[in-house]
Amino acid sequence: MKKLFLYSLLLLTFVAKSQVKDKNLPKGNEAFVDKKYADAEADFRISQSKNPKKAIASYNLGNSIYRQNQYGESKYQFAKAIKMAKTRPEKQQAFHNLGNAFMNEKDYSNAVEAYKNALRNNPSDEETRYNYALAKEYLKNNPPKDDKKKDKDKKDKDKKDDKKKDENKDKKDNKGKDQDDKNKDGKDNKDGKDKNEGKPQPQPGGISKQRLENMMDAVNNEEKKVQDKVNLQKVKANPKKAEKDW
């Protein structure tokens, strides 16, 4: 990434306006100039606790955190400084550094807005104008993803997942039902006490032994009837001659 201009002069220009009793603020400034950013952060936090409504402590604290590459936390402090700032220069420099924090997080949309707000408070500042142009260039080359498309893709994925879960549930239920039927049939066969108990069991071919015997009996009876009928016809056809009574 091309060089960003960072405002750190506020650390010194605000010293004269700070309260004399606040010894931690100037100590933090000295540590910051010596690039002892962790020490500066500690002093600025104490200063902020003593003067919670002063923009200077929050702004200086944001700068010391920013120098430690903690951009997310520095944004919070810059935002507090903007809220409590009394003058336009204070707001301009806080917005400027807030934009830098967004740039380092590759949040170019918010960086553009932050620099734009900085320019509203000081339209002639060249460093802010440079950073603003740079942020717009990065935003153009790295457009944000379409949130609506992301939401649609997520909904489609959720629907597919739900459908897959339902299909798996149906398969599981059907498998369980088949197993229950199988277990039930196995139990009936094992106990031998089902509704067919006492009845002839089917033989290969689908006809039981008893039924086959009954069929044979019926056939034999029919044959007997036919034979009896034939015999009767023979009797009628050959009547015996009566003995002549002389």
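Just so it is clear, the model here is predicted, and its values are computed rather than measured.

Colleague: Outline the packing of helix H5 (residues 71–84) against helix H6 (residues 88–104), supporting the account with residue identities and numerical values.
Modeller: Close contact between H5 and H6 brings their axes to 9 Å; oriented N to C, the two are set at 160 degrees. The angle between H5 and H6 places the two elements in the roughly antiparallel class. Like other packed secondary-structure pairs, H5 and H6 cross with a definite hand, here left-handed. Facing H5, whose interface residues are Tyr-71, Ser-74, Lys-75, Phe-78, Ala-81 and Ile-82, H6 presents Lys-91, Ala-94, Phe-95, Asn-97, Leu-98, Ala-101, Phe-102 and Asn-104.

Colleague: Let's hear about the side chain of Ser-64: which residues, and what values?
Modeller: Counting through the fold element by element, Ser-64 comes out in helix H4 (residues 55–66). If sequence neighbours within four positions are ignored, Ser-64 has contacts with Phe-32, Tyr-37, Ala-40, Glu-41 and Phe-44.

Colleague: Before we move on, can you summarise the nonpolar core with the specific residues and values?
Modeller: Counting 23 residues, the largest nonpolar core has Leu-98, Met-103, Ala-111, Tyr-115 and Ala-135 as its most contacted members. Counting residues per element, the ones that place at least two in this core are H4, H5, H6, helix H7 (108–121) and helix H8 (126–141). For this core, the leading source of residues is H7, giving 7 residues.

Colleague: Mind laying out the pattern of salt bridges, listing which residues take part and the relevant values?
Modeller: All told, the structure shown has 4 salt bridges when counted by the stated rule. In this structure, Glu-73 and Arg-45 form a salt bridge, with 2.4 Å as the shortest nitrogen-oxygen distance. Of this pair, Glu-73 sits in helix H5 while Arg-45 sits in helix H3 (residues 37–50), and the two are 28 residues apart along the sequence. Overall, Glu-73 belongs to the partly exposed group, its relative accessible area being 34%. Sharing partners across several salt bridges, the network here consists of Glu-41, Arg-45 and Glu-73.

Colleague: Please provide a residue-by-residue account of the packing of helix H2 (residues 24–33) against H4, values included.
Modeller: For the pair H2 and H4, the least separation of the axes is 11 Å and the interaxial angle reads 25 degrees. Classified by the interaxial angle, the pair formed by H2 and H4 is roughly parallel. In this structure, the crossing between H2 and H4 has a hand that is left-handed. Residues Leu-25, Asn-29 and Phe-32 of H2 lie in contact with H4, whose contacting residues are Ile-56, Asn-60, Asn-63 and Ser-64. Class assignment of the residues belonging to the contact of H2 with H4 gives a composition of 3 nonpolar, 4 polar and no charged.

Colleague: A description of the environment of Leu-61 should follow, citing residues and the corresponding values.
Modeller: Here Leu-61 lies in helix H4. By relative accessible area, Leu-61 is classed as buried at 0%. For Leu-61 and Ile-46, which are 15 residues apart along the polypeptide, the C-alpha to C-alpha distance reads 9.9 Å. Excluding residues within four positions of it along the chain, Leu-61 makes contact with Glu-41, Phe-44, Arg-45, Gln-48 and Gln-77.

Colleague: Account for H8, with residues named and values stated.
Modeller: The end-to-end C-alpha distance of H8 is 23 Å, a good match for the 22 Å that 16 residues give at a rise of 1.5 Å each. All buried positions along H8 are accounted for by Thr-128, Asn-131, Tyr-132, Leu-134, Ala-135 and Tyr-138. For H8, the angular spread of buried residues about the axis comes to 165 degrees, placing them on one side. For H8, the exposed residues lying more than 90 degrees away from the buried face are Glu-126, Lys-140 and Asn-141. Elements that come into contact with the buried residues of H8 comprise H6 and H7. Between the side-chain oxygen at the start of H8 and the backbone nitrogen of Glu-127 there is a gap of 3.2 Å, and the oxygen is on Asp-125.

About the thresholds
Residues numbered from 1 in each chain as written. Predicted model: local features only at pLDDT ≥ 70, side-chain atom pairs only at ≥ 80, totals over all residues. Heavy atoms only, no water. Axes fitted to C-alpha atoms, helices over the stretch in contact; angles between N-to-C directions. Helix = DSSP H or I, 4+ residues; strand = E, 2+ residues; numbered from the N terminus. Parallel < 35°, antiparallel > 145°, perpendicular 65-115°, else oblique. Left-handed = near helix turned anticlockwise from the far one by under 90°. Contact = heavy atoms within 4.5 Å. Core = buried A, V, L, I, M, F, W, Y, C linked by side-chain atoms within 4.5 Å. Buried < 20%, exposed > 50% of the residue type's maximum accessible area, 1.4 Å probe, protein only. Salt bridge = Lys/Arg side-chain N within 4 Å of Asp/Glu carboxyl O. Nonpolar A, V, L, I, M, F, W, Y, C, P; charged D, E, K, R; others polar. Expected span 1.5 Å × (residues − 1). Arc of directions from axis to C-beta. Polar contact = N/O pair within 3.5 Å; in protein donor to acceptor, adjacent residues only side chain to side chain.

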